[in-house]
Amino acid sequence: MLRFIGLFTGIFISLFTLEMLNPVQAHVIVPFTSWLAQISASLILPFDTGVIAYGKVIRDLASGFAVSIEAGCNGVEAAIVLIAAVVAFPATIRQRIAAIAIGFIAIQVMNIARIISLFYLGQWNTEIFTWTHLYLWPVLIMLDVLVIFVMYLRFLAARQGQAS
Amino acid sequence: MSTNVTPGRFIGLVFLLLLPCYGLWYLLAPALVKPALGFAHLLMTHWMPGIVSAVQMDGTQALILTQFGELEGKLVSAQAVGHAIGLAVNTQILSYSIPFYSALMLATPGENKLARYANGIICLYVVLTLSLVCLCLKQLMTNLGHHYTDQGSLLQPSPNLIALLFQLSTLILPVLTPVVLWLWQSKDTPLLKGLLLPLTAKPDQP
């Protein structure tokens, strides 16, 4: 267990530091975040035509309210936590790659739900928007990571049971 | 509560328990953060006595009282002008780790729950205090400019390190610390024992 926590911490800090470097931000994180904004807007558009997305920003044309997706709001940190946990846990390379790929998609699905919900909460009530944005959604995203990791552990345990 | 809780039921319980835990935290937030604030005050005033005179509570915010005042747009000694510049830090962006950790622990069956919870809370407060110090450093660096960087203390972190620690303290630690603590403290519970077997099993004897 201590080995797992040590490995997890080392991998996590390395990936997190890498993510914070300016070239990585400019060439990977910001384009990815803009892409997330575009996806979120394209999901909103069939139901609400008064919405536009440019760069990392989604704006409501009628009210002028806009959200900008910043570091910490793009699900990358949550994905880094999952990657570090999966890599640190004993499994085959194939199992790890599958867990990271499926987990990354699951985190981003949840994150897009967060972006869209915050976009509408902000137009409705600024105080609830701030509260949900700062204190509630980070916990829900981390719970999402935990659920994915626990499901992965159950899958590994079932495979282990079949093999023995 | 039954000791055999499935992972699905556990997650459901966590979601349910988050509501009352968040409610209590919202009501008690200023009182809950006071111990961490007290330690942050001691750390900051002893570490940087030339910059910080106090770190104190102001509603749900921490207020860093600096040794500087303002005169005609310039930073001068607080004593010379008779007032001190205060910098606010939102402590709730750190302390929401307390209701999250509480919900995780309450949803986990097992023995010595109270003792485990108390130990976890102590660890959580250590992280909370250090995170608060990181937020204070970031506020001082961005608001005092060269008055902060010119202190020249050997133990003064570089701007890049402060930026990294600030991001880590606000984005990651409030949500990751409760999960890591919970995982460590619950590794022997029926909920996690089977799942974590590859980490605890001894290698086969030849």
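Everything that follows concerns the structure shown earlier in this document.
All figures in this text were calculated on a predicted structure; none of them were measured in a lab.

1. Here we look at the interface of chain B and chain A
Taken together, the contacts link 32 residues of chain B with 30 residues of chain A. For the pair chain B and chain A, the summed buried area comes to about 3100 Å², and 88% of that belongs to carbon and sulfur atoms. One can count 0 salt bridges joining chain B with chain A. Linking chain B with chain A are 2 residue pairs in polar contact (both at pLDDT 80 or more). Elements with a contribution of two residues or more to the side of chain B that touches chain A: helix H1 (7-47), helix H3 (92-95), helix H4 (97-106), helix H7 (159-185) and helix H9 (197-200) of chain B. Per-element tally for the side of chain B that touches chain A: the top contributor is H7(B), with 12 residues. Class assignment of the residues belonging to the side of chain B that touches chain A gives a composition of 28 nonpolar, 3 polar and 1 charged.

2. Regarding unusual backbone geometry
Residue and element names in this part refer to chain B. Notably, Glu72 is not glycine yet its phi reads approximately 50°, a positive angle. Relative to the helices and strands, Glu72 is located in the loop between strand E3 (68-71) and strand E4 (74-77). With a phi angle near 50°, Asn112 is a residue other than glycine that sits in the positive phi range. With respect to the secondary-structure elements, Asn112 resides in the loop between H4 and helix H5 (113-144).

3. Quick word on the environment of Gly161(A)
With respect to the element layout, Gly161(A) can be found in helix H5 (residues 126-163). For the pair Gly161(A) and Val51(A), spaced 110 residues apart in the sequence, the C-alpha separation amounts to 51 Å.

4. Considerations on the side chain of Asn74(A)
Structurally, the position occupied by Asn74(A) is in the loop between strand E3 (66-68) and helix H3 (76-88). Of the residues examined, Asn74(A) reaches a relative accessible area of 0% and is grouped as buried.

5. Re H3(A)
Given a rise of 1.5 Å per residue, 13 residues ought to cover 18 Å, and the 18 Å separating the end C-alpha atoms of H3(A) matches this to within 8%. Of all 13 residues making up H3(A), 11 are buried, and the element is well covered by its neighbours. When H3(A) is considered as a whole, its buried residues turn out to be Val76(A), Glu77(A), Ala78(A), Ala79(A), Ile80(A), Val81(A), Leu82(A), Ala84(A), Ala85(A), Val86(A) and Ala88(A). Contacts made by the buried residues of H3(A) are with helix H1 (2-20), helix H2 (22-44), helix H4 (93-124) and H5 of chain A together with H7 of chain B.

6. Notes on the sheet that holds strand E2 (residues 57-60) of chain A
All names here are of chain A. Strand order in this open sheet of 3 strands is E1-E2-E3, and the pairing throughout is antiparallel. Each edge of the open sheet carries a strand with a single partner, namely strand E1 (51-54) and E3. Neighbouring strand axes in the sheet, compared pairwise and without regard to direction, differ in orientation by 15° on average. In this sheet, E3 lies alongside E2 in antiparallel orientation, the contact comprising 3 bridges. Directly across from Ile58, in E3, lies its bridge partner Val67. Relative to E1, H2 is tilted by about 165°, and along the sheet it contacts E1 and E2.

7. Side note on the pattern of salt bridges
All names here are of chain A. On inspection of all chains with the given rule, the structure shows 1 salt bridge over all chains. Between Glu70 and Lys56 there is a salt bridge, and its shortest N-O distance comes to 3.2 Å. Within this pair, whereas Glu70 is found in the loop between E3 and H3, its partner Lys56 is found in the loop between E1 and E2, the two being separated by 14 residues in sequence. Since its relative accessible area comes to 37%, Glu70 is described here as partly exposed. Overall, the relative accessible area of 23% leaves Lys56 in the partly exposed class.

8. Some thoughts on the pairing of strand E2 (residues 61-66) of chain B
Residues and elements named next belong to chain B. Pairing of strand E1 (residues 52-58) with E2, which is carried by 6 bridges, proceeds in the antiparallel orientation. Looking across to E2, one finds that Val52 is bridged to Thr66. Two strands pair when backbone bridges link them, and E2 and strand E5 (residues 86-90) are joined in this way by 5 bridges, in the antiparallel orientation. The residue bridging Ala62 from the neighbouring strand is Val89, located in E5.

9. Re the packing of aromatic side chains
Residue and element names in this part refer to chain A. Under the counting rule described, the total for this entry stands at 21 aromatic pairs over all chains. Seen from their ring centres, Phe4 and Phe149 are 6.2 Å apart, and the 15° between their planes marks the pair as stacked. Of this pair, Phe4 sits in helix H1 while Phe149 sits in helix H5, and the two are 145 residues apart along the sequence. Phe149 matches Phe4 in its accessibility class, with the two residues each being buried. An aromatic cluster is present here, built from Phe4, Phe8, Phe12, Phe16, Phe89, Phe149 and Tyr152 joined pairwise through their rings.

10. Some thoughts on the sheet that holds E5(B)
Residue and element names in this part refer to chain B. The 3 strands lie next to each other as E1-E2-E5, forming an open sheet whose pairing is antiparallel. Edge positions in the sheet fall to E1 and E5, since each of these pairs with one other strand and no more. Between one strand and the next, the sheet's axes are offset by a mean angle of 25°, whatever the strand orientation.

11. Concerning empty space enclosed by the protein
Tallying each qualifying case throughout the model produces 3 cavities of 30 Å³ or more. Counted as a void, the largest cavity has a volume near 170 Å³. Along its surface, the largest cavity is lined by 13 residues, and Phe8(A), Ala85(A), Phe149(A), Val179(B) and Leu183(B) are the ones closest to its centre. Going through the elements one at a time, H1, H3 and H5 of chain A together with H7 of chain B are the ones with two or more residues in the lining of the largest cavity. Grouping the amino acids of the lining of the largest cavity by side-chain chemistry returns 13 nonpolar, no polar and no charged. Space inside the second largest cavity adds up to approximately 50 Å³. Together, Leu94(B), Ser97(B), Leu124(B), Val127(B), Leu128(B), Ser131(B), Ser169(B), Leu173(B), Pro174(B) and Thr177(B) line the second largest cavity. Among the secondary structure elements, those contributing two or more residues to the lining of the second largest cavity are H5 and H7 of chain B. In terms of residue class, the lining of the second largest cavity is built from 6 nonpolar, 4 polar and no charged.

The rules we used
- Residues numbered from 1 in each chain as written.
- Chains lettered and ligands numbered in written order.
- Predicted model: local features only at pLDDT ≥ 70, side-chain atom pairs only at ≥ 80, totals over all residues.
- Heavy atoms only, no water.
- Contact = heavy atoms within 4.5 Å.
- Buried area = accessible area lost by both parts, 1.4 Å probe.
- Salt bridge = Lys/Arg side-chain N within 4 Å of Asp/Glu carboxyl O.
- Polar contact = N/O pair within 3.5 Å; in protein donor to acceptor, adjacent residues only side chain to side chain.
- Helix = DSSP H or I, 4+ residues; strand = E, 2+ residues; numbered from the N terminus.
- Nonpolar A, V, L, I, M, F, W, Y, C, P; charged D, E, K, R; others polar.
- Buried < 20%, exposed > 50% of the residue type's maximum accessible area, 1.4 Å probe, protein only.
- Expected span 1.5 Å × (residues − 1).
- Pairing = 2+ DSSP bridges.
- Axes fitted to C-alpha atoms, helices over the stretch in contact; angles between N-to-C directions.
- Phe/Tyr/Trp six-rings, centres within 6.5 Å; stacked < 30°, edge-to-face > 60°.
- 1 Å grid on protein atoms, 1.4 Å probe; cavity = no way out; pocket = protein on both sides within 12 Å on 5 of 7 lines; lining within 4 Å.
- Points joined across faces, edges and corners; volume = space filled by probe spheres on them.

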